[in-house]
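# Descriptive structure summary
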Amino acid sequence: MRRSSLLVMAAAALIACLPATASAQPLPVDYNFFAGIPNELADPGGSLPGSNDWSCRPSAVHPNPVVLIHGTAGGAQTNWGAYVPLLANEGYCVFALNYGALDVPWPLSAMGGMRPIAESGAQLAAFVERVRSATGARQVDFLSHSQGSLVGSYYLKRLDGAETVDKFVSLAGPWLGVYGDQMNVWRTVGQRLGVAADDLDRMVSAGVCSPCSELMGGSAFMRALNADGVYVPGVAYTNIATVYDEIATPYTSGLVAGPNAVNIVVQDGCPADFSEHLAIAGSQRAAGYVLNALDPARQAAVPCEFVPPFTG
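Before going into details, it helps to say that this report is about the structure given with it. Worth saying up front: this structure is predicted, and the values here are computed from it rather than measured.

We now examine the pairing of strand 1 (residues 66–69). Residues Val 66 and Leu 68 of strand 1 are buried on one face, and the alternating residues Val 67 and Ile 69, pointing to the opposite face, are buried as well. Pairing between strand 1 and strand 2 (residues 94–96): three bridges, direction parallel. By the bridge assignment, Val 67 is partnered in strand 2 with Phe 95. For strand 1 and strand 3 (residues 140–145), the ladder comprises four bridges, and the chain directions are parallel. Each bridged residue has a counterpart across the sheet, and for Val 66 the counterpart in strand 3 is Asp 141.

Now the structure itself:
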């Protein structure tokens, strides 16, 4: 009896010393770009289950917390409904911020990425420091979508963030700028949040989306950001793009060659994948590439199945 009690006590002590994980139970994963919107509607400005657990401690298998950087008009919940539960279930400490939101009433306030990228980069810098302080991690990994890739790049290159980031995985990130209409994403996500089309059009006409001009190919911002090259030495980049991207055009803007960059097109070897700019952030195929990029030792087979546009 005494030996059994000692074993129980030893097991309890061992469990208590294990690193905290982002989720005690597996979370349901819905491969759909809009999967997080119900959470935003139910808890405006909140965090998806499995994210922003400030007691989470990274494991030896996944020592770097993953910071999710949303795109134009996105948010911590609305952009990452598929990825937060997926990564939490894989044992990552997952953190997502809202950056670049306007000082307006909800639901318009849920649409981030609307302020100048320099301001958004500063918000990201503060968030990364909070993540590192809370988790004790020396470095983090980035997973970005669209504009989020350039916000992350600004942080690395202009705010001395290079030493704090190990791996940078970009979904539809326009490294060379955009030659298309960024407003399409904003309108689509806003309408899904129930924002009146007239309100959206008035805001578009007023030019309240500062990054929309900064992101344009050849803009003064893009020229300055890439004056010293697209990538930062020492950071491992993985770029995942789709030939059907209708926003970050041309899609090859997100596939810049570099010695520390791996470029992936989701349609290569899988013509059934019709994901475009939104759906790539909800696609199970893209997610397979993301998991392999975040954990180079994993390298599991990536699924090929029909992926519809807009949702994933």
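Under the definition given, this model contains two disulfides. Disulfide pairing is shown between Cys 56 and Cys 93; the S-S distance is 2.0 Å. Taking the sign of the S-S torsion, -85° for the link of Cys 56 and Cys 93, the bridge is left-handed. Here the residue Cys 56 occupies a position in the loop between helix 2 (37–42) and strand 1, and Cys 93 occupies one in the loop between helix 3 (83–89) and strand 2, the gap between them amounting to 37 residues. A relative accessible area of 1% means that Cys 93 is categorised as buried. One disulfide bridge connects Cys 270 with Cys 304, the sulfur atoms lying 2.1 Å from each other. Across the S-S bond linking Cys 270 and Cys 304, the dihedral sits near 95°, which makes this disulfide right-handed.

Before going further, it helps to examine the packing of aromatic side chains. Across all of its chains, the model carries 14 aromatic pairs by this definition. Seen from their ring centres, Trp 80 and Tyr 83 are 5.9 Å apart, and the 80° between their planes marks the pair as edge-to-face. For Trp 80, a relative accessible area of 0% corresponds to the buried category. The buried category is assigned to Tyr 83, whose relative accessible area is 1%. With 5.9 Å between their ring centres and 85° between their planes, Trp 175 and Tyr 237 make a pair best called edge-to-face. With Trp 175 in the loop between strand 4 (165–171) and helix 6 (183–192) and Tyr 237 in strand 5 (residues 236–241), this pair connects stretches of sequence that are 62 residues apart. Judged by relative accessible area, which is 3%, Tyr 237 ranks as buried. Joined through ring pairs, the aromatic side chains of Phe 142, Tyr 155, Phe 168, Trp 175, Tyr 231 and Tyr 237 make up one cluster.

Definitions and cut-offs
- Residues numbered from 1 in each chain as written.
- Predicted model: local features only at pLDDT ≥ 70, side-chain atom pairs only at ≥ 80, totals over all residues.
- Heavy atoms only, no water.
- Buried < 20%, exposed > 50% of the residue type's maximum accessible area, 1.4 Å probe, protein only.
- Helix = DSSP H or I, 4+ residues; strand = E, 2+ residues; numbered from the N terminus.
- Pairing = 2+ DSSP bridges.
- Disulfide = S-S within 2.5 Å.
- Phe/Tyr/Trp six-rings, centres within 6.5 Å; stacked < 30°, edge-to-face > 60°.

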